[in-house]
Amino acid sequence: QVQLVESGGGLVQPGGSLRLSCAASGSIFSINAMGWYRQAPGKQRELVAAITSGGSTNYAGPVKGRFTISRDNAKDTVYLQMNNLKFEDTAVYYCSAGIATMTGGFYYYWGKGTLVTVSS
């Protein structure tokens, strides 16, 4: 059994910052790519940022230059530093990871999400 647990969401004013964390735990052999997605009310879930096991990153256009994804492989944790937040960043943020388990399978796992609200 593998779990991804996000933390760090909350209410922030426009221009403010938040740091999200997502820790993987359970029967993990190795973790491939990890990523952050978000889903705003009435919209489809979209990729925000992703990072490979080697540290290569990819960002969605609207967050480039404002968000930074990083990971600590020793802690099986991925982070999303969000700066200069805007109203349109309001969404539930989900963590995802491609994980090889101790039992030999490979699956994509999702966390339950953490709410980020940008409001004045």
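Being a predicted model, the structure only gives us computed values, none of them experimental. (Residues numbered from 1 in each chain as written. Predicted model: local features only at pLDDT ≥ 70, side-chain atom pairs only at ≥ 80, totals over all residues. Heavy atoms only, no water.)

### Details of the environment of P41
Here P41 lies in the loop between β4 (28-39) and β5 (46-51). Remark: the alpha-carbon pair of P41 and V92, spanning 51 residues in sequence, is separated by 8.5 Å. (Helix = DSSP H or I, 4+ residues; strand = E, 2+ residues; numbered from the N terminus.)

### So, the sheet that holds strand β8 (residues 77-82)
Read across the sheet, 4 strands follow the order β1-β3-β8-β7 without closing on themselves; strand pairing throughout is antiparallel. The sheet is open, and its two borders are formed by β1 (2-7) and β7 (67-72), each paired with just one other strand. Going from strand to strand, the sheet's axes swing by 15° on average, the running direction of each strand aside. Here β1 runs beside strand β3 (residues 18-26); their pairing, made up of 6 bridges, is antiparallel. Bridge pairing in β3 links V2 to G26. (Pairing = 2+ DSSP bridges. Axes fitted to C-alpha atoms, helices over the stretch in contact; angles between N-to-C directions.)

### Side note on the state of the cysteines
Evaluation of the coordinates by the stated rule reveals 1 disulfide. A sulfur-sulfur distance of 2.1 Å marks the disulfide that ties C22 to C95. Judged by the torsion about the S-S bond (-80°), the C22/C95 disulfide is left-handed. In this pair, C22 is assigned in strand β3 and C95 in strand β9 (residues 91-101), connecting sequence segments 73 residues apart. The buried category is assigned to C95, whose relative accessible area is 0%. (Disulfide = S-S within 2.5 Å. Buried < 20%, exposed > 50% of the residue type's maximum accessible area, 1.4 Å probe, protein only.)

### Considering the nonpolar core
Counting residues in hydrophobic clusters, the biggest one holds 32 residues, and the most contacted among them are W36, L80, M82, Y93 and I99. Only β1, β3, β4, β5, β7, β8, β9 and β11 (114-118) provide two or more residues apiece to this core. The residues contacting Y93, other than those within four sequence positions of it, are E6, L20, W36, Y37, R38, V48, F67, L80, M82, G113, T114 and V116. (Core = buried A, V, L, I, M, F, W, Y, C linked by side-chain atoms within 4.5 Å. Contact = heavy atoms within 4.5 Å.)

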